[in-house]
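Reading the structure
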Amino acid sequence: MSTKEKLPVSEKMRIIHDSKRPTIDDYIKALFEDFIELHGDRGYADDPAICAGVATFQGMPVTVIGHRKGKTTEENIRTNFAMAHPEGYRKALRLAKQAEKFHRPVLCFVDTAGAFCGVGAEERGQGEAIARCLSDFMVLRTPVISIITGEGGSGGALALAVADRVLMLENALYSVISPRGCASILWKDPSREVDAAEQLKITAEDLKSFGMIEGIVPEGGSLMRSLKKALQEQLKELLAVPTVEQMLEKRYEKFRKIGIFAE
């Protein structure tokens, strides 16, 4: 499928919810070697909704972090449908800090409808955990690349998408709120989620035109090859930046410039 073929948002929503769509485990198997998963936030518990560990990419040590979905009902229940708790985001940040210490690039794979909003998650500081990711990833002294692979919903997605480079698969969606949540608030009718998605302008093509992402990865039979090539190119460019201070300045300016406004 080519990025030139513009599918309607409704079709993209169907595609990203397909149980056969690749998950973080598929990406790890196809793209990385010697992956070792690490667990726990060292404060409360381990969150199966976030997968994090160390691996090698084309011979380079990297840290891999991503939302974990399942392909069966049982797997999705175990991973809470990739809706992470605060301990998941604290685990992610712990691994990012470790990557900073050992000068490993961080590669994040984002695929979630949003952070879990249950009572327990709120009691344990869900908002603070996400905010900490936002602030600390902004100044993380190592290259960060995030790839939106399916759903990129609300702060639950943005927590792992404050990066030097943000890429999207061509059928992925990335938004400030899930379409269903938006429809529930705007029209008091969650069934109008497709209408909401169209109004939100959340496709890869829309966000590339707004300057919110740096690239679109074509899907199809060669998805993993295309993604590997994109990561190679982005890493090469980021590692060529002369100093960490220059990298951080570019990251800051990237987010300061985001947005197109019309009156």
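The paragraphs below set out a description of the structure included in this document. Once a new chain begins, its residue numbering starts again from 1 and follows that chain's sequence as written. Thresholds applied to this predicted model are a pLDDT of at least 70 for local features of residues and 80 or more for the giving and counting of side-chain atom pairs; totals over whole chains, interfaces and linings are not thresholded and use all residues. Side-chain metrics in this entry use all non-hydrogen atoms of the structure; hydrogen atoms and water are not considered.

**Here's the deal with the overall build of the protein**
Counted only if it meets this: Helical segments are the DSSP runs of H or I of at least four residues, strand segments are the runs of E of at least two, and each set is numbered from the N terminus. A 1.4 Å probe rolled over the protein chains alone gives each residue an accessible area, and that area as a share of the maximum for its type sets the label: buried under 20%, exposed over 50%, partly exposed in between. Whether two residues are in contact is decided by their heavy atoms, any of which lying within 4.5 Å being enough. Here, Shrake-Rupley sampling with a 1.4 Å probe gives the accessible areas, and only protein chains in the shown set may cover a residue.
Counting secondary structure elements, the protein contains 12 helices and 8 strands. Projecting the C-alpha coordinates of the protein onto the three principal axes gives extents of approximately 50 × 40 × 40 Å. Counting across all 263 residues of the protein, residues that qualify as buried make up 49%. Nonlocal contacts in the protein, meaning residues at least 24 apart in sequence, comprise 71% of its contacts between residues at least 6 apart. Element-wise, carbon and sulfur atoms account for 54% of the exposed surface of the protein, whose accessible area totals about 12,700 Å².

**Section: the packing of aromatic side chains**
Basically, it comes down to this: For Phe, Tyr and Trp, where Trp contributes only its six-membered ring, two rings pair if their centres lie within 6.5 Å, and the inter-plane angle classes them as stacked under 30 degrees, edge-to-face over 60, or tilted in between. In our convention, an over-ring charge means Lys NZ or Arg CZ found within 6 Å of a ring centre and within 35 degrees of that ring's normal.
Under the defined criterion, the tally for this structure stands at 3 aromatic pairs. The interplanar angle of 55 degrees and the centroid separation of 5.7 Å between the aromatic rings of F32 and F57 together place this pair among those described as tilted. Placement of F32 in the loop between helix 2 (24-31) and strand 1 (33-37) and of F57 in strand 2 (residues 50-57) is noted, with a sequence separation of 25 residues between them. Both residues of the pair, F32 and F57, belong to the buried class. Considering the side-chain rings of F32 and F109, the 6.1 Å spacing of their centres and the 90 degrees angle between planes classify their relative orientation as edge-to-face. Placement of F32 in the loop between helix 2 and strand 1 and of F109 in strand 4 (residues 106-112) is noted, with a sequence separation of 77 residues between them. The burial state of F32 is the same as that of F109; both residues are buried. Among the aromatic residues, ring-to-ring pairing joins Y27, F32, F57 and F109 into one connected group. K254 extends its terminal NZ or CZ atom over the ring of F255, reaching a point 5.0 Å from the ring centre.

**Quick look at helix 8 (residues 179-186)**
A turn of α-helix holds 3.6 residues, and therefore any two residues three or four places apart point the same way. Of all the residues in helix 8, the buried ones are P179, G181, C182 and A183. Those residues of helix 8 that are buried lie in contact with helix 1 (9-16), strand 7 (173-175) and helix 9 (193-200). K188 sits one or two residues past helix 8 and shows a positive phi near 55 degrees.

**Remarks on the pairing of strand 4**
Filter applied, for reference: When DSSP finds at least two bridges between two strands, those strands are taken to pair.
Within strand 4, 7 of the 7 residues are buried, which leaves the element mostly enclosed by the surrounding structure. By the alternation rule, side chains of strand 4 split into V106, C108, V110 and T112 and L107, F109 and D111, which are all buried. Pairing geometry for strand 3 (residues 60-67) and strand 4, over 4 bridges, is parallel. Considered in strand 4, the bridge of V64 is made with L107.

**Things to note about the packing of helix 1 against helix 9**
Applied cut-off: To get an axis, fit a line to the C-alpha atoms, keeping to the stretch in contact for a helix; angles then go from 0 to 180 degrees between the N-to-C directions. Geometric relationships in this document are graded by angle, where less than 35 degrees denotes roughly parallel, more than 145 denotes roughly antiparallel, 65 to 115 denotes roughly perpendicular, and other angles denote oblique. In this count, Pro and Cys sit with the nonpolar residues alongside Ala, Val, Leu, Ile, Met, Phe, Trp and Tyr, while Asp, Glu, Lys and Arg are called charged and the others, Gly among them, polar.
Between helix 1 and helix 9, whose axes approach to 9 Å, the crossing angle comes to 110 degrees. Put simply, helix 1 runs roughly perpendicular to helix 9. Residue-level inspection shows V9, S10 and M13 of helix 1 in contact with helix 9, the latter providing E193, V194, A197 and E198. Taken together, the residues that form the contact of helix 1 with helix 9 break down as 4 nonpolar, 1 polar and 2 charged.

**A word on the environment of Q58**
Rules: As used in this structure description, the phrase polar contact means that two N or O atoms lie within 3.5 Å; if the pair is within protein, one of them must be able to donate a hydrogen and the other to accept it, and residues adjacent in sequence are counted only when both atoms belong to side chains.
With respect to the element layout, Q58 can be found in the loop between strand 2 and strand 3. Residue class for Q58 comes out partly exposed when judged on its relative accessible area of 49%. Sequence-wise, Q58 and L160 are 102 residues apart; in three dimensions their C-alpha atoms are separated by 23 Å. Apart from the residues within four sequence positions on either side, Q58 is in contact with K228 and Q232. A polar side-chain atom of Q58 sits 2.7 Å from a polar atom in the side chain of Q232.

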